[in-house]
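# Examination of the molecular architecture
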Amino acid sequence: MPDQPFIDLFHDTEHLTWAPTDQVRERGRRRTRRTRIAASLAGVVAVGVVATGAVALAGGREGAPTPVLPATGSPTPTPSSSPTPSPSPSATPSTRNTPGAPPSSPSATSGAATKGPVSADIPAQALLRASDLPSGYRAGGSDLLDGEWSFGYTVSITCAATPDRSPKERAERSAGFSKPGGSSVIERVQRYSLEGAKATMTFWAQRVTQCEPEDERYSLSTVDSGFAGDGSLLIRSDGPAMVDYTLFVRQGDLVAEIRLGNLTESEARRLAQRAADRLCTGTDAC
């Protein structure tokens, strides 16, 4: 004879309607997913609380906490730790430019602020110093080198047609100087192959003589050439209420481009010789 508890259970469930098996399974799967999501969110919140506390303890400063997005997939297992391989003793740092690389710190003896990419192929001593310029100029910050200041840009907005320059530089280094009143002098030294450096000087000389201005109010002219180093060009840019000078100086495979700002022609000639002397510290052509 059945026990009384089983008899009572039979009477209580005799008229119940049971859900199909598929529905029961789907409800179970949904319940399992909700449980996992809740556990995941709880873990993310816990990590955010710990991270926020760590930042507060480390910095001692108040700030808006960075929102942490919940994970959308399964937790990634922590990889087993392995020793980090040591660099090979024979490996040496590249002296070529790396586009996008952060600039190196200015040399304490260069007297100029330099901006990257900086290459060891061009020593800081190969660039001008503030003492090379007329009185009142000081080394400027790296922001002085921002923007379009190059002679190539001047040519592109002055002349109707400008071919691309074929020689490609192998390294580059820049320096900027300024003095009260807004006057500035900017230098960029680039290394090429020897033939590439010669071709670069020829290219800029031809751009001046072959320039057909889009606006008759603007013009380019060569003031002088061949007066410093292995090659030099002093170029004048004229526009409405504007006169600007650009200086190119070559020593061996190095070419210095200098935007002279408000310097006079006589000051530009003296600076050209100083630039040529400085370039000699970066090439064995002297």
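Residues numbered from 1 in each chain as written. Predicted model: local features only at pLDDT ≥ 70, side-chain atom pairs only at ≥ 80, totals over all residues. Heavy atoms only, no water.

## Overview of the pattern of salt bridges
Scanning all chains against the criterion turns up ten salt bridges. Across the salt bridge formed by Asp224 and Arg269, the nearest N and O atoms sit 2.5 Å from each other. With Asp224 in strand β5 (residues 219-225) and Arg269 in helix α5 (residues 265-279), this pair connects stretches of sequence that are 45 residues apart. Accessibility expressed as a relative area gives 24% for Asp224, which makes it partly exposed. On the accessibility criterion, Arg269 (33% relative accessible area) is partly exposed. Among the salt bridges present, the one from Arg236 reaches Asp238, with a minimum N-O distance of 2.9 Å. (Salt bridge = Lys/Arg side-chain N within 4 Å of Asp/Glu carboxyl O. Helix = DSSP H or I, 4+ residues; strand = E, 2+ residues; numbered from the N terminus. Buried < 20%, exposed > 50% of the residue type's maximum accessible area, 1.4 Å probe, protein only.)

## Describing the environment of Pro180
Mapped onto the elements of the fold, Pro180 is located in the loop between β3 (171-179) and β4 (183-191). Sequence-wise, Pro180 and Gly136 are 44 residues apart; in three dimensions their C-alpha atoms are separated by 7.7 Å.

## Observations concerning the packing of aromatic side chains
In this structure the tally under the stated criterion is four aromatic pairs. When the centroid spacing of 4.9 Å and the interplanar angle of 75 degrees are considered together, the rings of Phe203 and Trp204 count as edge-to-face. Consider the rings of Trp204 and Phe248, whose centres lie 5.6 Å apart with planes at 20 degrees: the pair is stacked. Of this pair, Trp204 sits in helix α4 (residues 194-209) while Phe248 sits in strand β7 (residues 242-251); the two residues are 44 residues apart in sequence, bridging distant segments of the chain. Pair check on accessibility: Trp204 and Phe248 agree, each one buried. (Phe/Tyr/Trp six-rings, centres within 6.5 Å; stacked < 30°, edge-to-face > 60°.)

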